[in-house]
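# Chain and residue survey
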Amino acid sequence: MKKIRDLLSKKTDRRSFFLDENLVEYIEESSTATDQVQRSLIEETSTLGWVSRMQISHDQGNFLTMLVKATQAQFAVEVGTFTGYSALAIARGLPADAKLLCCDISEDWTDIARRHWREAGVEDKIDLVLAPALETLDELPLTQNIDFAFIDADKKNYINYYESILSRLSENGLIVVDNVLWSGRVVDANANDHDTIAIREFNEHIRNDARVSCSMLSIGDGVSVIQKI
Ligand SMILES: C[S@@+](CC[C@H](N)C(=O)[O-])C[C@H]1O[C@@H](n2cnc3c(N)ncnc32)[C@H](O)[C@@H]1O
């Protein structure tokens, strides 16, 4: 039991829940390495304590950049910005004239993000709105095409964020959703806290949604990639 706990805590530190330490290390070494700005952002975020676990993993960041590039997105949305690591990854995949709308409610955490975006030279691509994300999304005109979206905020609103974004999603657009495996608790019959239930309900909502196809991946804490059929 202790061994499992130790392993879990190590994995938790690395924000990758479904692989052992050796494989996580191997994947990191075999993927494009972090640059100086990313390392500085990871380091500064780690000084915040346990909340630093909210930051996506480096392999997820690489994956986001590639997906954004592949979709040639002109307008992207992020729900849940924190200290800006995922936004940096998305912004780096966007062409120079494209925009990323970031939604968050924390001035302190997003101040760290802004500094690093400036350092990385992507700040002109990013509009950050500090307000409940559902308000920000619902204020977007229905004619505003969203080419790429990343959902990574309060779990109870996942379905609302998804529906608001889907109604504006462009034909070849992608919605990427984080934490869909919730450290494995989605399949733990004893886990019945609000967030676990919200994630299960979200996954079921997608499973029953005939408008979209979904690929659920075990990267990081579980990521679903969703596209209109
Ligand atoms: C898991 S963190 C995001 C991590 C981020 N994607 C990254 O890679 O570093 C969740 C964020 O959602 C924000 N948040 C929580 N509830 C929110 C709401 N109702 N509207 C907007 N942002 C919210 C929190 O302030 C927090 O920064």
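Here, the structure is the one placed above.
Described in the following lines is the structure provided in the data block. Within every chain, residues take consecutive numbers counted from 1 along the sequence as written. Restriction of local features to residues with pLDDT of at least 70 applies here, the model being predicted, together with a cutoff of 80 or more for giving and counting side-chain atom pairs; totals for whole chains, interfaces and linings are based on all residues. Computation of side-chain values: all heavy atoms of the structure, hydrogens and water removed.

Here the focus is the site of the ligand. It suffices for a single heavy atom of a residue to lie within 4 Å of a molecule or strand for the residue to be listed as near it. Around the ligand sit 18 residues in total, of which Gly-80, Ser-86, Asp-104, Ala-133 and Asp-152 are the nearest. What qualifies as a polar contact is a pair of N or O atoms within 3.5 Å, subject to a donor-acceptor requirement within protein and to the restriction that residues adjacent in sequence count only when both atoms come from side chains. Taking Asp-104, its side chain carries an N or O atom lying 2.7 Å from an oxygen atom of the ligand. At 2.8 Å from a nitrogen atom of the ligand is found a side-chain nitrogen or oxygen belonging to Asp-152. A total of 610 Å² of accessible area belongs to the ligand in isolation, and the protein chains cover 89% of it. Of the residues contributing to the shell around the ligand, the split by class is 11 nonpolar, 4 polar and 3 charged. We get accessible surface area from the Shrake-Rupley algorithm with a probe of 1.4 Å; when it comes to residues, only the shown protein chains can shield them. Here the term charged refers only to Asp, Glu, Lys and Arg, the term nonpolar to Ala, Val, Leu, Ile, Met, Phe, Trp, Tyr, Cys and Pro, and the term polar to all other amino acids, Gly among them.

Attention shifts here to the nonpolar core. Counting residues in hydrophobic clusters, the biggest one holds 31 residues, and the most contacted among them are Leu-64, Ile-90, Leu-100, Trp-117, Phe-148 and Val-176. Helix and strand assignments follow DSSP, with helices taken as H or I runs no shorter than four residues and strands as E runs no shorter than two, numbered in order from the N terminus. Per element, the largest residue contribution to this core is 6 residues, and it comes from helix 5 (residues 85–93). What makes two residues a contact is simply this: any of their non-hydrogen atoms within 4.5 Å. Every residue in contact with Leu-64, bar those within four places of it in the chain, is listed here: Ile-56, Ser-86, Ala-89, Ile-90, Phe-148, Phe-150 and Val-176. The definition of a nonpolar core used throughout is a set of buried Ala, Val, Leu, Ile, Met, Phe, Trp, Tyr and Cys residues joined through side-chain atoms within 4.5 Å. Categorising residues by exposure relies on relative accessible area from a 1.4 Å probe, with only protein chains included: less than 20% of the type maximum marks a residue as buried, more than 50% marks it as exposed, and the intermediate range marks it as partly exposed.

On to the sheet that holds strand 2 (residues 99–104), then. Note: two strands are recorded as paired if DSSP finds a minimum of 2 bridges between them. Here 7 strands make up an open sheet; going across it, the order is 3-2-1-4-5-7-6 and the pairing mixed. Two strands in the sheet have a free side with no partner beyond their single neighbour: strand 3 (126–130) and strand 6 (212–217). Taking the axes of each pair of neighbouring strands and ignoring which way they run, one obtains an average angle of 15 degrees across the sheet. Relative to strand 5 (residues 169–178), strand 4 (residues 146–151) runs parallel, the two sharing 5 bridges. Opposite Ala-149, over in strand 5, you have Ile-175 as the bridge partner. Throughout, an axis means a line fitted to C-alpha atoms (over the contacting stretch in the case of helices), and angles, computed between N-to-C directions, take values from 0 to 180 degrees. In the packing of helix 4 (residues 58–71) onto the sheet, contacts are made with strand 4, strand 5, strand 6 and strand 7 (223–228), and the angle to strand 5 comes to roughly 175 degrees. Along the sheet, helix 6 (residues 107–120) contacts strand 2 and strand 3; its crossing angle with strand 3, the most-contacted strand, is approximately 170 degrees.

Let us now look at the pattern of salt bridges. Take a side-chain nitrogen of Lys or Arg and a carboxyl oxygen of Asp or Glu: if they are within 4 Å of each other, that pair is a salt bridge. Under the definition given, this model contains 8 salt bridges. Put simply, Glu-163 and Arg-211 hold a salt bridge, and the shortest N to O gap is 2.8 Å. Taken together, the positions of Glu-163 in helix 8 (residues 158–166) and Arg-211 in the loop between helix 9 (194–207) and strand 6 put the pair 48 residues apart, joining distant regions of the chain. Classification of Arg-211 as partly exposed rests on a relative accessible area of 43%. Within this structure, Glu-163, Asp-209 and Arg-211 form a network of salt bridges that share partners.

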